[in-house]
Amino acid sequence: MTAQTSAQQSAPLVGGPQPASHNSPAVVDQLRLPGPTPVPDMVRAAGARQMISHRGAEFHDLLRDVTQRLQGFYQTANTVLVFAASGTGGLEAAIANCFSPGDRVLALSCGHFGDRFADLAAAYGLDVVRLRFEWGQAVDPNAVRQALTDHVNVRGVLLTHNETSTGVQNPVPAIGALTREHDLLLLVDSVSGLGAADLRCDEWGVDVAVTASQKAWMTPPGLTMLSVSPRAWAAYAEARLPRYYFDFGAARKYLDNWETPATPAVSLLFQLQAALQLMDEEGRVAVFARHTAVRDHLRAGVRALGLDLLADDTVASRTVTAVKVPDARRVLAELRAQGVELAGGLGPLEGHLLRIGHMGWVTQDDTAQVLEQLGAVLAK
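The following paragraphs examine the structure supplied in this document.

Conventions we followed
Residues numbered from 1 in each chain as written. Predicted model: local features only at pLDDT ≥ 70, side-chain atom pairs only at ≥ 80, totals over all residues. Heavy atoms only, no water. Phe/Tyr/Trp six-rings, centres within 6.5 Å; stacked < 30°, edge-to-face > 60°. Helix = DSSP H or I, 4+ residues; strand = E, 2+ residues; numbered from the N terminus. Buried < 20%, exposed > 50% of the residue type's maximum accessible area, 1.4 Å probe, protein only. Polar contact = N/O pair within 3.5 Å; in protein donor to acceptor, adjacent residues only side chain to side chain. Contact = heavy atoms within 4.5 Å. 1 Å grid on protein atoms, 1.4 Å probe; cavity = no way out; pocket = protein on both sides within 12 Å on 5 of 7 lines; lining within 4 Å. Points joined across faces, edges and corners; volume = space filled by probe spheres on them. Pairing = 2+ DSSP bridges. Axes fitted to C-alpha atoms, helices over the stretch in contact; angles between N-to-C directions. Expected span 1.5 Å × (residues − 1).

Taken as a whole and assessed by the stated rule, the structure comprises seven aromatic pairs. Plain terms: the ring middles of Phe83 and Tyr245 are 6.1 Å apart, the flat faces sit at 55° to each other, and that makes the pair tilted. Taken together, the positions of Phe83 in strand E2 (residues 79-84) and Tyr245 in the loop between helix H8 (230-238) and helix H9 (248-255) put the pair 162 residues apart, joining distant regions of the chain. The class of Phe83 is buried, set by a relative accessible area of 5%. By relative accessible area, which is 37% here, Tyr245 ends up partly exposed. A centroid spacing of 5.0 Å and a plane angle of 75° characterise the contact between Tyr245 and Phe246, whose relative ring orientation is edge-to-face.

The next subject is the side chain of Ser317. Residue placement: Ser317 occurs in the loop between strand E11 (308-309) and strand E12 (320-324). Here Thr319 takes part through its backbone nitrogen, which lies 2.9 Å from a polar atom of the side chain of Ser317. The residues contacting Ser317, other than those within four sequence positions of it, are Asn162, Gly167, Val168, Gln169, Arg295 and His358.

Size it by volume and the largest pocket reaches roughly 270 Å³. Lining the largest pocket are 19 residues, with Phe113, Arg116, Val191, Gln214 and Lys215 positioned closest to its centre. Secondary-structure elements contributing two or more residues to the lining of the largest pocket are helix H3 (87-98) and helix H4 (112-123). If you tally residues by element for the lining of the largest pocket, the top one is H3, at three residues.

Spatially, four strands are ordered E11-E12-E15-E14 in an open sheet, and the strand pairing comes out antiparallel. The open sheet terminates on both sides in strands that have one partner only, identified here as E11 and strand E14 (343-344). Looking at chain direction, E12 and strand E15 (residues 353-357) are connected through five bridges and run antiparallel. In the sheet register, Val320 faces E15, and the bridge partner there is Gly357. Across the sheet, helix H12 (residues 328-337) is in contact with E14 and E15; its angle to E15 comes to roughly 40°.

Attention shifts here to H4. Compared with the 16 Å implied by 1.5 Å per residue over 12 residues, the 16 Å span of H4 between its first and last C-alpha is a close match. The elements touched by buried residues of H4 are H3, strand E3 (104-109), strand E4 (127-132), strand E5 (154-160), strand E6 (162-163) and strand E8 (185-189).

Below you can see the structure in the form of structure tokens.
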């Protein structure tokens, strides 16, 4: 299913009354942030369903269905855990379950969220070696190879798959090859990547991949989802950082019975299930292709307006496009007054960028509207 079209009739969701139709009205206001993203009517309706017992058979069916559908988009046979938390909670869980105090990690950063992942590791008492790249550039595997030669006793590598602050997609396959070569863990922040861009967790050697419901998954904020590889489980067995709510072992034990240790966000799981059904109907390859086509259409339109893009075409994100704009704060305010909500730059790029989100429930028609209104504002 694409963003503004009807989906074919499909198998009913687990339990409860079903929406009468997948049809959605035309979008009037354009929410084109890097997250949260627009929510289809079918997904919104799923959140209004009555509560069920989170220890009962109906919930078991719900969590099983969600978990198995997620594995398809993660392209993994590994365990996938779901916690009620933001994406940041998922990143914290990844650190807490894989390392011990003082462990050395190599943090690769080319933007705000790469820096943030490194800061999180440092807050947990890890010895963080920071390898930074210019904002707007991608991580260079050759520089990573050299850093792994220069720094001994590294236990793991932290990588942002999709750098939301700059609209850059990093080369996960190349970094995964290096971590396997050096027998290191690879933890990937794919909060704004998974569900829209290809991430072959098993094939590319990703040990923990973290995402969140409010991005490409077309679901309101509040869920974080993580895949955990056998190598990550081996690290978990030795890890000594404190954890309780985010304990992978406890989560896996309960998952054996399709339950969660603590009370789950039942309504959000209903909604995620509905979103995953729409995505499965469209097909994983088609979902990825749509996001690539939307990105390319948007970038061509931005250039046609005479504006420059921060990221090169070869590393351009499938989900966020960063546009260089003079007086970006004023442009953002003018667009907001017209019902178009975009994001501004972060850190050193604040006031110099527009960041246009195009993930989840989005088509080229949506980005064409954004381009039209952006052109009108610039003409003023």
